[in-house]
Amino acid sequence: MGRNVKLGGVALAALMVLHAPATLAQTPDDQLVIGLNMSSMRGLDPQELNQFESAEVVANLYDRLLTLPADDITSVEPMIAESWEVSEDGRTFTFTLRDDVTFHSGNPLTAADAEYSLRRLVKMGLAPARDLTQWGLTAENVDEMIRAEGDTTLVVELPEVWNSDLVLYSLASFSTSIVDSQLVEENVEGDDYGRTFLQTNDAGSGPYTLRTWRANDLLIAEAYEGYWGGAPAMTRVLMRHIPESSAQRLQIENGDIDIATRLSSSDLDALAENDAITIQTTPGVGFYYIALNQENEILANPQVREAFRYLIDYEGLADTVMRYYGNMQQTIVPAGMPGAMEDTNPYALDPARAAELLAEAGYPDGISLTYYATPVTPEYEIAQSIQANAAEAGITLDLQPGDHIGDFRARNYEVFSARTGDRMPDPHAVLQSYAQNPDNSREANLAGFMAWRAAWDVPAEMQALVDEAARELDSDRREEIYAELNQMYLESSPPLITSFQRTDARAIRDRVEGYEGHTTWLTSWDEVTKSAD
Amino acid sequence: MTVGSPPYRPDGRAWLSAARKVGTSLSVVAITLFGLLVITFVVGRMVPADPVIAIIGDQADQAAYDRVYQELGLDRPLVVQFGTYVRDIATLDFGRSHLSRNEVATDLARVFPATVELATAALLIGTLLGVPLGVVAAVRRGTWIDQVARVVGLVGYSTPIFWLGMIVILIFYAGLGWIPAGNRVGLYYEGLVEGPTGFLVLDAVLAAEWDVAKSALGHLVAPALVLGWANTAYISRMSRSFMLEQLNQEYILTARAKGATNNSVIWRHAFANMRVQLLTVIALAYCGLLDGTVLIETVFGWPGLGQYLTTALFFADMNAVLGAVLLIGLISVGINLLCDVAYRLLDPRTK
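Residues numbered from 1 in each chain as written. Chains lettered and ligands numbered in written order. Predicted model: local features only at pLDDT ≥ 70, side-chain atom pairs only at ≥ 80, totals over all residues. Heavy atoms only, no water.

Per an unreviewed UniProt entry, chain B goes by Peptide/nickel transport system permease protein and derives from Wenxinia saemankumensis. Under Subcellular location (unreviewed entry), UniProt gives the following word-for-word description of chain B: "Cell membrane". UniProt, in its Sequence similarities (unreviewed entry) section for chain B, records the words "Belongs to the binding-protein-dependent transport system permease family." (UniProt positions renumbered as here; feature names shortened; annotations may be inferred.)

Named according to an unreviewed UniProt entry, chain A is Peptide/nickel transport system substrate-binding protein originating from Wenxinia saemankumensis. Its UniProt record gives chain A the following Subcellular location (unreviewed entry) comment, quoted word for word: "Periplasm". The UniProt entry for chain A carries the following text under Sequence similarities (unreviewed entry): "Belongs to the bacterial solute-binding protein 5 family."

Q: Any chance you could break down the overall build of chain B for me, citing the residues and the numbers?
A: A count of helices and strands for chain B gives 14 helices and 0 strands. For chain B, the α and β elements follow one another from N to C terminus as α-α-α-α-α-α-α-α-α-α-α-α-α-α. Oriented by its inertia axes, the alpha-carbon framework of chain B measures out at about 85 × 75 × 40 Å. Buried residues in chain B amount to 47% of all 351 residues. Within the structure as shown, chain B displays about 18000 Å² of accessible surface, and the carbon and sulfur contribution to it stands at 67%. Within chain B, one finds 25 positive and 25 negative side-chain charges whose respective centroids are separated by 17 Å. (Helix = DSSP H or I, 4+ residues; strand = E, 2+ residues; numbered from the N terminus. Buried < 20%, exposed > 50% of the residue type's maximum accessible area, 1.4 Å probe, protein only. Areas by Shrake-Rupley, 256 points an atom, 1.4 Å probe, with all protein chains shown as cover. Lys, Arg positive; Asp, Glu negative; His and termini not counted. Charge placed at Lys NZ, Arg CZ, Asp CG, Glu CD.)

Q: Give me the domain arrangement of chain B: which residues, what numbers.
A: All names here are of chain B. Per the domain assignment, the segments of chain B are domain 1 (12–90) and domain 2 (107–163 + 223–350). Look at where the C-alpha atoms of domain 1 and domain 2 centre, and you get two points 32 Å apart. Between domain 1 and domain 2, roughly 1300 Å² of surface is buried when both sides are summed, and carbon and sulfur atoms account for 84% of that area. Together, Leu33, Thr40 and Tyr85 form the three largest contributors to the area buried by domain 1 at its contact with domain 2, with a combined 33%. Inspection of the region where domain 1 meets domain 2 yields 0 salt bridges. There are 0 residue pairs in polar contact (both at pLDDT 80 or more) connecting domain 1 and domain 2. Of all elements in the fold, only α1 (12–46), α2 (51–56) and α4 (78–90) reach the threshold of two or more residues within the side of domain 1 that touches domain 2. Classifying every residue of the side of domain 1 that touches domain 2 by side-chain character gives 11 nonpolar, 3 polar and 1 charged. (Domains from an automatic or database assignment. Buried area = accessible area lost by both parts, 1.4 Å probe. Salt bridge = Lys/Arg side-chain N within 4 Å of Asp/Glu carboxyl O. Polar contact = N/O pair within 3.5 Å; in protein donor to acceptor, adjacent residues only side chain to side chain. Nonpolar A, V, L, I, M, F, W, Y, C, P; charged D, E, K, R; others polar.)

Q: Just give me the short version of the interface of chain B and chain A, but keep the residues and values in it.
A: Across the contact, 53 residues belong to chain B and 56 residues belong to chain A. Summed over both partners, the interface of chain B with chain A buries about 4800 Å², with 54% contributed by carbon and sulfur atoms. Of all residues in chain B, B:Gln59, B:Arg101 and B:Tyr188 bury the most surface against chain A, accounting for 15% of the area lost on that side. Counting every contact that joins chain B to chain A gives 5 salt bridges. Linking B:Arg101 and A:Glu48 is a salt bridge whose minimum nitrogen-to-oxygen distance equals 2.9 Å. Where chain B meets chain A, there are 12 residue pairs in polar contact (both at pLDDT 80 or more). Listing elements by their share of the side of chain B that touches chain A, those giving two or more residues are α2, α3 (62–71), α6 (144–158), α7 (161–175), α9 (210–247) and α13 (305–314) of chain B. When residues of the side of chain B that touches chain A are assigned to their parent elements, the largest contribution, 6 residues, is made by α3(B). Of the residues belonging to the side of chain B that touches chain A, the class tally is 28 nonpolar, 14 polar and 11 charged. (Contact = heavy atoms within 4.5 Å.)

Q: Tell me about the confidence of the model for chain B, and please be specific about residues and values.
A: All names here are of chain B. Looking at chain B as a whole, the pLDDT averages 85, with 95% of positions reaching at least 70. Predicted confidence in chain B is weakest over α1, with a mean pLDDT of 80, and strongest over helix α5 (residues 104–139), with 92. This model gives residues 1–5 a pLDDT under 50, and the stretch forms 0 contacts once residues within four places in sequence are excluded. Both scores are available for the predicted complex, with the pTM at 0.86 and the ipTM at 0.81. (pLDDT = per-residue confidence, 0-100.)

Q: So, the sheet that holds strand β6 (residues 146–148) of chain A: which residues are in play, and what are the values?
A: Residues and elements named next belong to chain A. One open sheet accounts for 4 strands, arranged β4-β5-β7-β6; its pairing is antiparallel. Strand pairing shows two members of the sheet lacking a second neighbour, β4 (81–86) and β6, which therefore form its edges. Taking the axes of each pair of neighbouring strands and ignoring which way they run, one obtains an average angle of 15° across the sheet. Pairing geometry for β6 and strand β7 (residues 153–157), over 3 bridges, is antiparallel. In the sheet register, Ile146 faces β7, and the bridge partner there is Val156. Its contacts with the sheet put helix α3 (residues 111–124) on β5 (92–97), β6 and β7, and the angle it makes with β6 is roughly 160°. (Pairing = 2+ DSSP bridges. Axes fitted to C-alpha atoms, helices over the stretch in contact; angles between N-to-C directions.)

Following this line, the structure appears as structure tokens:
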């Protein structure tokens, strides 16, 4: 036995020696380490992806014609396009491109690459294609409408007139990233537009190049020495897949990572107390909402819809579960945008009032409904809270957790709640989805519109105003229209009830400067610097 | 004329018989794997997650939805989808994962060695600690060492492994700073060593990258110890009961009566006779480790097969799920076949 004990001692000592070097040094001064949950990333093809984390990577591997600064997202700034002109009739956009840009491959970037990329986005017709197709560009007309003229001039023509800001916002979206057409063409397989290649490779000209990309494990980007804007301060950016929020918290506390993302509410609370860490919340263009299916006779009653607004504990949620995930907002135009009414939140939790409304609607004995919600934070906590409040008002909600997005898209539900996230820094992004529904019939299958999913036959007047605002060229008039729409939506007892505008929270060590979460998913790394801890 | 039997030469009939046996084994393997595929395919289709929405996001319009739906081949009848899949498998084409966007075979070649590395380390710990502990506990039944073995067994069995993992991280990473937080190697050593085996510690040693080897070993120790602890518990309990069973046999009495030393009785006689049972237990433990490390992989951020399979299931990434399940099935069948061979070598009665 004595020998065994000795052996054990030796083993333990060996272990400690082995581990001694794994001291928890801070991250290097010239490298940025980001902890994140990579499991929803779907490759890095700019014209295919439609996802927050992937978009951040793409925003740093590629350049676009235009950009939106993180601290002023409605001011369009030049990127590859040095300047641009909009024709008097508002239909033709002419961009003059920089002539000193080279791709990571060494190929020069010309207007032909921009033409190729924008046409590629429209022709592939995947989720982000909407950024251009909503302005009337189609696979059939795009070859004619988007064209390079020489090496530095790109013309984008639209079939109809739209507010030029909206179009320019679209041309600052990650989906319009300019890809190296020569490199992509060399890697096309069959009719895949080079997707297979671009999903795991980089064909960009941005401040960073892709060094390593292992799904659900690790991504390493290296500074591009030849970047036209000057090489960035961080020589490498390392993204590590850390699915557990608590593990991210421990690692940022220990200084092993600089930035932690998608943390749980309790971890964010704990990190907020840490002197070396700041919690940064970035507003998003989207809302936490409840959808009431208008195909259901009970829910089609405006008083019943109105009753639901009294079942949300706005104040209580704002102080607890929603502290980092959203800002209370009951109106439809996101804060800070034209026509917004930030302080107009007329509703408060009031189950008694809800019960009254229900009785007036002809349901004095209460109602029973099925309620779908996704079991993720904070959406499920909100759903549970609503369920409890509804019970007090005589509404029995049978809360069924699960992945019901498919049911929601197909109108197979009664009550559903979740959140949306758009990318355009304009009220149009939200209104075209929440308050437009060109054809409410089931056969139309317009699942891209939230209003269609709610089976809401949006009043014609409201729909016309949404369209008018998007085409209006005068910005003062636009603001008036949005203010009117905002009020109209609030008063319409809508079946898409908004409660909080979403925010995305990150924990950032104080030694990191210049990392600004971007509302339209364009968070950039090239301004980041680090000081000693 | 000499009398006696001629030296044994296998005739045609013996070869035929051997071939038939091999053929039978192979067809059993094939049927097992096919059954596994059918079940996984059917269950996979019943998972409520929609792979199309997992790809395009929930706000995409219907045109984008329809396009991806067709690309994935979901518009074809289930039987046709399955037939196509099996046909591709036959040409060793496992398809592409819609999560990682890689060929499933490429992904598996990356994640599987990570799991094998961890599972093997855990199995070594479990076996090297568990077997002697169990044997000694049986021999010294009722003494303090037996009590220790019992406590190890009880605690090892009853502690949820993910909880133990989190506690280990909390104490030894966050508290003492002895171990790294997770993953296979320090972030700054990533990518310095690639291949040939995929077992990072071994590859680093082969490449004489000592810093990488040290870092990789340092990352392996904590998850391997946590997994190994649970295995020690299992293997020591089983070893103890096998040994007790042997020690009650009459041949042990005989051996002692013949004057064999205590060591000789235990190791040469009793232990030799429990090897077959023990082998089965260890083989089962290994199978369990290869497909059941997901909790520890998640807690320690270990990019292995368990994590790969779980994420794939969650997002309805059917090619990845089927590929991973098929691989696990193959490995289990393979280990079972190896066990059969080992039985023949260890147990004269099976010859």
